[in-house]
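Here's the letter readout for the chains.
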Amino acid sequence: MPECVFCKIASKAIPASIVYETADVVAFKDLTPRAPFHVLVIPRTHVAKLSELEDEALGGKLLQAARTVAKNAGHADNFRLVVNNGDSAGQSVWHLHLHVLGGRQFTWPPG
Ligand code: AMP
Ligand code: ZN
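Note that the coordinates shown come from a computational prediction; the quantities given were computed from them, not determined experimentally. (Residues numbered from 1 in each chain as written. Chains lettered and ligands numbered in written order. Predicted model: local features only at pLDDT ≥ 70, side-chain atom pairs only at ≥ 80, totals over all residues. Heavy atoms only, no water.)

**Student:** Now, about the site of ligand 1: what can you tell me, with residues and values included?
**Tutor:** Looking at ligand 1, there are 16 residues lining it, with Asp 30, Asn 84, Ser 92, His 97 and His 99 nearest. Here an oxygen atom of ligand 1 sits 2.7 Å away from a polar atom, N or O, in the main chain of Ser 92. When the free accessible area of ligand 1 is taken as 500 Å², the share hidden by the protein chains comes to 83%. If you tally residues by element for the shell around ligand 1, the top one is helix α1 (residues 5–10), at three residues. Residue composition of the shell around ligand 1, grouped by class: seven nonpolar, seven polar and two charged. (Near = heavy atom within 4 Å. Polar contact = N/O pair within 3.5 Å; in protein donor to acceptor, adjacent residues only side chain to side chain. Areas by Shrake-Rupley, 256 points an atom, 1.4 Å probe, with all protein chains shown as cover. Helix = DSSP H or I, 4+ residues; strand = E, 2+ residues; numbered from the N terminus. Nonpolar A, V, L, I, M, F, W, Y, C, P; charged D, E, K, R; others polar.)

Spelled out as structure tokens, the structure:
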């Protein structure tokens, strides 16, 4: 899926502020941050959305990467993890991504 913007970031075809990467996942700063700390964690392989993720091990790696990037930024114990899955949840990029947000107080319920 060469037209996918997050696949292009993962392959470094287009630039991004990458903060963490492993063989399986890449984490980079969100272009439009919604909090002082806002990083997206993605799988290198193209998966359109969480509801299509069948690789349990990859799911675990994404979660571990989320806690690592939060910890590395000084937000080990206070961050919010968000996955927008599908149109009605507000998903706008169709490559699975975990939003890791920190550095401010969050409210509940989300909008
Ligand atoms: P969602 O609405 O959950 O699909 O989130 C998509 C996120 O991707 C938004 O927060 C965008 O700001 C972010 N985004 C889109 N394009 C880029 C990009 N090229 N680099 C970094 N973040 C991006
Ligand atoms: Zn992709």
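**Student:** Outline the nonpolar core, listing residues and values.
**Tutor:** In this structure, Val 41, Leu 62, Val 69 and Val 100 are the most contacted members of the largest nonpolar core, which totals 16 residues. Only β2 (25–29), β3 (37–43), α2 (56–72) and β5 (98–102) provide two or more residues apiece to this core. Among the elements that make up this core, the one with the highest residue count is α2 (six residues). Not counting chain neighbours up to four residues away, the residues in contact with Val 69 comprise Val 19, Tyr 20, Ala 27, Phe 37, Val 39, Val 41 and Val 100. Judged by nonpolar contacts, the second largest core, of nine residues, contains Cys 4, Ala 10, Val 26 and Leu 40. (Core = buried A, V, L, I, M, F, W, Y, C linked by side-chain atoms within 4.5 Å. Buried < 20%, exposed > 50% of the residue type's maximum accessible area, 1.4 Å probe, protein only. Contact = heavy atoms within 4.5 Å.)

**Student:** Which residues make up the coordination of the zinc ion (ligand 2), and what values go with them?
**Tutor:** Around the zinc ion (ligand 2), the donor atoms from the protein are Cys 4 (SG), Cys 7 (SG), His 46 (ND1) and His 95 (ND1), and they sit 2.0 to 2.3 Å away. Coordination at the zinc ion (ligand 2) is tetrahedral, judged from the four donor atoms that bind it and the angles of 106 to 117° they form at the metal. (Donors = N, O, S within 2.8 Å, 3.2 Å for Na, K, Ca; no water. Tetrahedral: all angles 85-135°; square planar, octahedral: opposite > 155°, others 65-115°.)

**Student:** Outline the packing of aromatic side chains, supporting the account with residue identities and numerical values.
**Tutor:** Summed over all chains, the structure comprises one aromatic pair. Summarising the aromatic geometry, the rings of Phe 6 and Phe 28 are spaced 5.2 Å apart at their centres and angled 75° between planes, so their arrangement reads as edge-to-face. Of the two residues, Phe 6 is situated in helix α1 and Phe 28 in strand β2; the sequence distance between them amounts to 22 residues. Owing to a relative accessible area of 7%, Phe 6 belongs among the buried residues under this scheme. (Phe/Tyr/Trp six-rings, centres within 6.5 Å; stacked < 30°, edge-to-face > 60°.)

**Student:** Run through α2, naming residues and quoting values.
**Tutor:** The end-to-end C-alpha distance of α2 is 24 Å, a good match for the 24 Å that 17 residues give at a rise of 1.5 Å each. Along α2, the residues classified as buried are Leu 58, Gly 59, Leu 62, Ala 65, Ala 66, Val 69 and Ala 70. Taken end-on, α2 shows its buried residues confined to a sector of 130°, consistent with a single buried face. Facing away from the buried side of α2 by more than 90 degrees, the exposed set consists of Glu 56, Lys 71 and Asn 72. Considering only its buried residues, α2 is in contact with β1 (18–21), β2, β3, β4 (80–82) and β5. One or two residues past the end of α2 sits Gly 74, with phi positive at roughly 85°. (Expected span 1.5 Å × (residues − 1). Arc of directions from axis to C-beta.)

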